[in-house]
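Chain and residue survey
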Amino acid sequence: MPAHSDYRGRFAPSPTGPLHLGSLVAALASFLDARRAAGVWLVRMEDLDPPREEAGAANRILNSLLRHGLNWDDEVLFQSTRSEAYQDALRLLDERGLLFDCDCSRSQLGPAGACGNRCRGQRVQVKPPSARRVIVPPQTYIAFEDGLQGLQGEALGATLSDFVVKRRDGLDAYQLAVVVDDAAQRISHVVRGADLLDATPRQVYLQQALAVPTPHYSHVPVITNDAGQKLSKQNRAPALDDNAAPSNLRSALRCLGQTEPATDSRDVTALLEHAVRHWDPARIPAGLAHPSP
Ligand code: GLU
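Residues numbered from 1 in each chain as written. Predicted model: local features only at pLDDT ≥ 70, side-chain atom pairs only at ≥ 80, totals over all residues. Heavy atoms only, no water.

We now examine the side chain of His20. Here His20 lies in the loop between β1 (8-11) and α1 (21-36). When its relative accessible area of 11% is taken as the criterion, His20 is described as buried. A polar atom in the side chain of His20 sits 3.1 Å from the backbone nitrogen of Gly22. (Helix = DSSP H or I, 4+ residues; strand = E, 2+ residues; numbered from the N terminus. Buried < 20%, exposed > 50% of the residue type's maximum accessible area, 1.4 Å probe, protein only. Polar contact = N/O pair within 3.5 Å; in protein donor to acceptor, adjacent residues only side chain to side chain.)

Taken together, Arg10, Ala12, Pro13, Ser14, Glu46, Tyr174, Val178, Arg192 and Leu196 make up the full set of residues adjacent to the ligand. For the ligand, the accessible surface in isolation is 300 Å², of which the surrounding protein chains cover 78%. When its residues are assigned to classes, the shell around the ligand shows five nonpolar, one polar and three charged. (Near = heavy atom within 4 Å. Areas by Shrake-Rupley, 256 points an atom, 1.4 Å probe, with all protein chains shown as cover. Nonpolar A, V, L, I, M, F, W, Y, C, P; charged D, E, K, R; others polar.)

Residue pairs three or four apart in sequence face the same way in an α-helix, which turns once every 3.6 residues. Every buried residue of helix α2 (residues 57-67) is listed here: Ala57, Ala58, Ile61, Leu62, Ser64 and Leu65. Looking straight down α2, one finds its buried side chains confined to an arc of 160°; they lie on one side. In this structure, the buried side of α2 is in contact with β1, α1, β2 (40-45) and β3 (77-78). Gly69, located one to two residues past α2, shows a positive phi value of around 75°. (Arc of directions from axis to C-beta. Contact = heavy atoms within 4.5 Å.)

Between Pro128 and the following residue, Pro129, the backbone shows a cis peptide bond with an omega angle of 0°. Checked against the element boundaries, Pro129 lands in the loop between β4 (99-102) and β5 (131-135). Of note, Arg186 is a non-glycine position whose phi angle comes to about 50°, a positive value. Structurally, Arg186 is set in the loop between α5 (174-184) and β9 (189-193).

A sheet is described by the order of its strands in space; here three strands give the open sequence β4-β5-β8, paired in antiparallel fashion. A strand with exactly one partner marks an edge of an open sheet, and here the two such strands are β4 and β8 (162-166). For this sheet, the mean inter-axis angle between neighbouring strands, taken without regard to orientation, is 45°. Along the sheet, helix α6 (residues 200-210) makes contact with β5 and β8, crossing β8 at roughly 70°. (Pairing = 2+ DSSP bridges. Axes fitted to C-alpha atoms, helices over the stretch in contact; angles between N-to-C directions.)

Here we take up helix α3 (residues 83-95). Between its first and last C-alpha atoms α3 spans 18 Å; for 13 residues at 1.5 Å apiece the expected length is 18 Å, and the two agree. Among all positions of α3, only Ala85, Tyr86, Ala89, Leu90 and Leu93 are buried. The buried residues of α3 occupy an angular sector of 145° when the element is viewed end-on, so they sit on one face. When the buried face of α3 is taken as reference, the exposed residues oriented beyond 90 degrees from it are Glu84 and Glu95. Directly beyond the C-terminal end of α3, a positive phi value near 70° is found at Gly97. (Expected span 1.5 Å × (residues − 1).)

For the rest of this paragraph, the subject is the environment of Gln258. Along the chain, Gln258 turns up in the loop between α7 (245-255) and α8 (268-277). By relative accessible area, which is 6% here, Gln258 ends up buried. For Gln258 and His278, which are 20 residues apart along the polypeptide, the C-alpha to C-alpha distance reads 7.5 Å. Leaving out residues up to four positions away in the same chain, Gln258 has contacts with Leu253, His278, Trp279, Asp280, Arg283 and Ile284.

Before going further, it helps to spend a moment on the pairing of strand β7 (residues 150-154). Two strands pair when backbone bridges link them, and strand β6 (residues 142-146) and β7 are joined in this way by five bridges, in the antiparallel orientation. Bridge pairing in β7 links Ile142 to Glu154. Connecting β6 to the antiparallel partner β7 that follows it, the hairpin turn spans three residues.

All quantities given are derived from atomic positions and should not be read as evidence of function.
In structure tokens form, the structure reads like this:
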């Protein structure tokens, strides 16, 4: 679909399991926001963590998106093909004097999982396997305006002195990969689940350190189950039934506070067209949402 604006959005699932209602809500919100703005909508497969992934999940997710009418533009970007780009970013951070190696075990790490001064101060000789961490200077303050959650500010340097950008097991870290790829794909708007709100200051910090633009962020409510827990693979959120795509889309629209077509349409394209026309982010509840029947 040709874009008529500079808007570039994306949905970035991790293939740890099939889509569930919570991930559909995030996908739908970013899709509707992009299409309403006549922008581009991309899908990026965040397949960075093979031990947590499920065989076949990436294809299953892509197929589910299509069955729900969520057609993306351009090719899907697989993070597993991007290690060179992450390596380049690490090199840049290193040149800026912002990286150090850390072999701390979990029990040696300080508050918020930071290393603090043990490895950085070179008080110990760091031995492999080690992680690479980025230094956050103590005075670092990160502020950004979230489209749904309002002004966010965090004294990141006070809460976190460093964080992992290359894992000890040799895998690329999500925080770095997401920043490198949002920049490479020229993403202007990130619409995603509010469970990632607290990761955003770290990502904005990395954007500043790498001198790449910060996208506009909107964090949509996390969907909870009957027990009030976030729907996730860990608490066995049921996989979406692709044969029930129209009713799944209606549930997701209700979670997002949006209007549904009055007619009993079974056609996902018509449902989505209606949803794009009536998309109103001001109606999205800020907090948790529980799907109503
Ligand atoms: N891959 C992440 C997840 O599935 C989302 C990353 C993002 O949207 O920034 O939780």
